[in-house]
Amino acid sequence: MKPYFDTMDPFGKALKPGRIKRAASSADALREVEAGIGEAVTAAHEVGFPTEKINKRGWMTVYQRLEYLVDAGTWCPLHTLYNPLENAEGTTNVVDGLGQIDGRWAVVIGFDNKVMAGAWLPGQSENILRATDLAARLHIPLVWLVNCSGAKLPEQEKFYANRRGAGTPFYRHAELEQAGIPVLAGIYGTNPAGGGYQSISPTILLAHKDANMAVGGVGIVSGMAPKGGFDTAMVEELIAKANAFTGRPPGDVATHHDATGFFTRVYDEETGVLDGLKDYMRAMPAYGATFFQAADPKDPAFPIDDLYHLLPANPKEVYDFDEILARLVDGSERLEFRPDYGPEVFTGVCKIDGRLVGCIGNRQGYLGKGYPEYADYPGMGGKLYRQGLIKMNEFVALCGRDRLPIIWFQDTSGIDVGELAEKAEVLGLGQGLIYSIQQTDVPMMLVVLRKGTAAAHYVMGGPTANRHNAFSLGTPATEIEVMHGETAAVATYARRAAKEQAAGRSLDPVIEKMNELVERYHETSRPAYCAQQGFVDEVVKLTELRRYLQAFTGAVYQNPTSICPRHHMLLPRVIRG
Amino acid sequence: MAEDVLAPLAGKVLSVTVGVGDVVEEDDELLVLEAMKMETVVYAPADGTVSTIMAQVGQQVEEDDPLMTLG
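A. Highlighting the overall build of chain B. When its secondary structure is counted, chain B shows 0 helices and 8 strands. Element order for chain B, N to C, with α for helix and β for strand: β-β-β-β-β-β-β-β. On C-alpha atoms alone, chain B measures out to a radius of gyration of 11 Å, which is about the 11 Å that the 2.2 N^0.38 rule sets for 71 residues. Projected onto the principal axes, the alpha-carbon positions of chain B cover approximately 30 × 15 × 15 Å. For chain B, long-range pairs separated by at least 24 residues make up 55% of all intrachain contacts whose partners lie at least 6 apart in sequence.

Printed below as a string of structure tokens:
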């Protein structure tokens, strides 16, 4: 298939000095947001005890373990700022992401042993489920660095029970194993109760010599029987029992290596555990990098730094999406699907590290005379019309047929509204796109370049509306909300304003509420909030985007559950005609 | 040869980036129109010198209205 894929159609053009000058303040604004995110990331890394204190105890921190375990330059962190229940600790207390271990992609996740010895905290199980879902969707191993002291008991009501509570990951591990996806665990420290099941539920358990895991820990074993309350005498009795307890913690290596054999191997050194994980990663099946390459990998033809001058910080400013894409894909080449139809979206085949991917993105700006063909108003990119929805449905279906992973780029204000749009079937075509996506069963990722708004955020591969979104990224320009704050203020308060005026009352209180709502929308749609709530899985610098695209594509093609020979593909033939 | 720059769509002139006598290159920004809640930049269709500017900030223009002339 060299004629199709060796050199595809080149696109994009070099930035002109005028554009660089004109976009300078916008670039500064984007970098300022990135700097703010960077500070928050640093703060998230520094929660809990200082690294020196952990090291003084003879332990490595979770970050030091990750650095030793993961191949240099491959770590793509996810959920760094995820803290949906706004824990005072500033973290859900797990650290996770995509990385290569001895050349093989894995989802890697570890408890932050700097914070309450890696305790369960509110919001943590949701974080863990994102990691197990990611391993399932990409069909790659899940590697755990277990170091979990169990539940933070004073807040257990926030996470212990419920359908997605702290025990949910244990059966998710079982589901991964049923799907043929191994779960490896490197186990450190004391892991009682919840920590015990975190340790026992993976496939292969590799333990440090001082590790233990148990149904219950020393705190429970040495405790007292409930008597309906506490008084001084009972607490003194409790203190005496605790001081007198001299037994070793239950479930150490003497028990779970020598007696039960649950621990497959035990290592004297912390790094030995990590070397063991590397050994097991090497023992797993994985396609080599070249197996699915349709062409030699190439860098994009234009510098990625251009993105700061191409993606406007101002959400109202129009730009050229194709120029963004040209900075991200191999050789700035593509095969565009139906370029003369549905001009508000780009659909086409591109390469990342020589491997084929389907790309879909919103184009911006005026769409030309007579479009949309069913309306008497002009069409603007960012919005979705009948043709664009039909085109995406067709493209997605063909990607599913040809087993091509899909990368979505959103900057959308929504689907066209009004009676003419309804007659043009946009409601059914939008839901039809959700159906088409579900039918594909191919992994997808999403980049919310700027706006992710209304139902369009759902139907364009958003994480809310399908099972195939592996992860979503935000940028410094990301803004996710049901509609713009000003539109929401009008929808909420217009009738009330009319009533107040008719009653002869001052409009000032209504105006104040409208402006408050606009402000609240702004605060709750920006990148940091999106990351904290999990609307996106990570906010990344523009210059990091291609690296995440490479991680996604590399992971997808490592152990695919189904394949389509390139010479059997239909989409390239449909494009070429 | 003089060339009129036409409004690509109906909208309000938000800003005019160039002045009479300015030398521009193809794709240089000339002015910004606001329409459908979006800001659309109008670029120079070819190299030239701005000889006349008809568009005024705040003015409502219709599709194909002349905005300026490049000489």
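Anyway, onward from the coordinates.
B. Region of the structure containing the interface of chain A and chain B. Facing 10 residues of chain A, the contacting portion of chain B comprises 11 residues. Looking at the side of chain A that touches chain B, its residues break down into 4 nonpolar, 2 polar and 4 charged.

C. View of the packing of helix α5 (residues 62-69) of chain A against helix α12 (residues 270-282) of chain A. All names here are of chain A. Where α5 contacts α12, the two axes come as close as 10 Å, and the packing angle between them is 45°. By the angle class used here, α5 and α12 are oblique. The crossing of α5 and α12 is right-handed. Side by side, α5 and α12 meet where Arg-65, Tyr-68 and Leu-69 of the first sit next to Thr-271, Leu-274 and Leu-277 of the second.

D. Summary view of unusual backbone geometry. Residue and element names in this part refer to chain A. The amide bond that connects Tyr-371 to the next residue, Pro-372, takes the cis arrangement and shows omega of 5°. By secondary structure assignment, the location of Pro-372 is in the loop between β13 (355-362) and β14 (383-384). Despite not being glycine, Ala-117 shows a phi value in the positive range, around 50°. Positionally, Ala-117 belongs in the loop between β4 (104-111) and α6 (124-138).

E. The sheet that holds strand β3 (residues 23-24) of chain B, seen in detail. Residue and element names in this part refer to chain B. One open sheet holds the 4 strands; their spatial order is β1-β8-β6-β3, and the pairing between them is antiparallel. Sheet topology places β1 (3-6) and β3 at the edges, where each strand pairs with a single neighbour. Of the strand pairs in this sheet, β3 and strand β6 (residues 48-53) are connected by 2 bridges, and their pairing is antiparallel. In the sheet register, Val-23 faces β6, and the bridge partner there is Thr-49.

F. Quick look at the environment of His-568 of chain A. All names here are of chain A. Relative to the helices and strands, His-568 is located in the loop between α22 (545-556) and α23 (571-576). The class for His-568 is exposed, based on 11 C-beta atoms found within 10 Å. Between the C-alpha atoms of His-568 and Tyr-308, which are 260 residues apart in sequence, the distance is 39 Å.

G. Spatial organisation of the confidence of the model for chain B. All names here are of chain B. Scored by pLDDT, chain B has a mean of 92; 99% of the residues are at 70 or more. Mean pLDDT values for the elements of chain B range from 89 in strand β5 (residues 38-43) up to 96 in β6. The complex prediction reports pTM at 0.94, with the ipTM value standing at 0.80.

H. Structural context of the packing of α6 of chain A against helix α7 (residues 168-178) of chain A. Residue and element names in this part refer to chain A. Here α6 crosses α7 at 5°, and the two axes come no closer than 10 Å. With respect to their mutual orientation, α6 and α7 come out roughly parallel. Within the contact between the two elements, α6 uses Ser-125, Ile-128, Leu-129, Thr-132, Ala-135 and Ala-136 and α7 uses Thr-168, Pro-169, Arg-172 and Leu-176.

I. Region of the structure containing the sheet that holds strand β6 (residues 183-187) of chain A. Residue and element names in this part refer to chain A. The strand order across the open sheet formed by 7 strands is β2-β3-β4-β5-β6-β8-β10, and the pairing between neighbours is mixed. Strands with a single pairing partner mark the edges of an open sheet, and in this sheet they are β2 (76-78) and β10 (265-267). The mean angle between the axes of side-by-side strands here comes to 20°, regardless of whether they run parallel or antiparallel. Relative to β6, strand β5 (residues 142-146) runs parallel, the two being bridged by 5 bridges. Residue Val-143 lies in a different strand from β6, and its bridge partner there is Leu-184.

J. Inspection of the pairing of β5 of chain B at higher detail. All names here are of chain B. Across 6 bridges, strand β4 (residues 29-35) lies against β5 in antiparallel orientation. Bridging from a neighbouring strand, Leu-31 pairs with Val-42 of β5. The antiparallel pairing of β4 with β5 creates a hairpin that spans 2 residues between the two strands, and Met-36 there sits at a positive phi of about 50°.

K. Structural context of the environment of Glu-500 of chain A. Residue and element names in this part refer to chain A. Residue placement: Glu-500 occurs in helix α19 (residues 485-502). C-beta crowding within 10 Å serves as the criterion here: with 17 such atoms nearby, Glu-500 is assigned to the partly exposed category. Separated by 450 residues in sequence, Glu-500 and Pro-50 place their C-alpha atoms 57 Å apart. Every residue in contact with Glu-500, bar those within four places of it in the chain, is listed here: Arg-505, Leu-507 and Val-510.

L. Layout of the nonpolar core. All names here are of chain A. Judged by nonpolar contacts, the single largest core of 169 residues is most densely connected at Val-107, Leu-142, Leu-277, Ile-360 and Ile-406. The element best represented in this core is α22, accounting for 7 residues. Residues from two domains meet in this core; each of domain 1 (1-45 + 288-478 + 526-577) and domain 2 (47-215 + 250-282) gives at least three. Sequence-distant contacts of Ile-406, that is, excluding residues within four places in its chain, are made with Val-357, Gly-358, Ile-360, Val-396, Cys-399, Val-442, Met-444 and Gly-461.

M. Summary view of the environment of Leu-325 of chain A. Residues and elements named next belong to chain A. Among the secondary structure elements, Leu-325 is positioned in helix α14 (residues 321-326). Put simply, Leu-325 and Phe-11 are 314 residues apart on the chain and 9.1 Å apart in space, counted from C-alpha to C-alpha. Those residues in contact with Leu-325 that lie beyond four places of it in its chain are Phe-346, Cys-359 and Gly-361.

N. Molecular detail of helix α17 (residues 426-440) of chain A. All names here are of chain A. With 15 residues, α17 extends 21 Å between its outermost C-alpha atoms, agreeing within 8% with the 21 Å of an ideal straight helix rising 1.5 Å per residue. Every buried residue of α17 is accounted for by Val-426, Leu-429, Gly-430, Leu-433, Ser-436, Ile-437 and Thr-440. Buried residues in α17, looked at end-on, bunch into an arc of 110°, giving them a common side. On its buried side, α17 packs onto α15 (386-402), β16 (414-415), α16 (419-423) and α18 (454-459). Note on α17: the residue one or two positions beyond its end, Asp-441, has a positive phi of about 55°.

O. Seen up close, α22 of chain A. Compared with an ideal rise of 1.5 Å per residue, which puts 12 residues at 16 Å, α22 of chain A spans 17 Å between its outermost C-alpha atoms and is within 8% of the ideal. With 9 of its 12 residues buried, α22 of chain A lies for the most part within the structure.

P. Quick peek at the domain arrangement of chain A. Residues and elements named next belong to chain A. Per the domain assignment, the segments of chain A are domain 1 (1-45 + 288-478 + 526-577), domain 2 (47-215 + 250-282) and domain 3 (483-524). The gap between the C-alpha centroids of domain 1 and domain 3 is 34 Å. The partner domain 3 presents 4 residues to the 4 residues of domain 1 that form the contact. Looking at side-chain class alone, the side of domain 1 that touches domain 3 contains 2 nonpolar, 1 polar and 1 charged residues.

Cut-off values and rules
- Residues numbered from 1 in each chain as written.
- Chains lettered and ligands numbered in written order.
- Predicted model: local features only at pLDDT ≥ 70, side-chain atom pairs only at ≥ 80, totals over all residues.
- Helix = DSSP H or I, 4+ residues; strand = E, 2+ residues; numbered from the N terminus.
- Rg over C-alpha atoms; globule rule 2.2 N^0.38 Å.
- Contact = placed C-beta atoms within 7 Å.
- Nonpolar A, V, L, I, M, F, W, Y, C, P; charged D, E, K, R; others polar.
- Axes fitted to C-alpha atoms, helices over the stretch in contact; angles between N-to-C directions.
- Parallel < 35°, antiparallel > 145°, perpendicular 65-115°, else oblique.
- Left-handed = near helix turned anticlockwise from the far one by under 90°.
- Pairing = 2+ DSSP bridges.
- Buried ≥ 20, exposed ≤ 12 C-beta atoms within 10 Å, placed from the backbone.
- pLDDT = per-residue confidence, 0-100.
- Core = buried A, V, L, I, M, F, W, Y, C linked by C-beta atoms within 7 Å.
- Domains from an automatic or database assignment.
- Expected span 1.5 Å × (residues − 1).
- Arc of directions from axis to C-beta.

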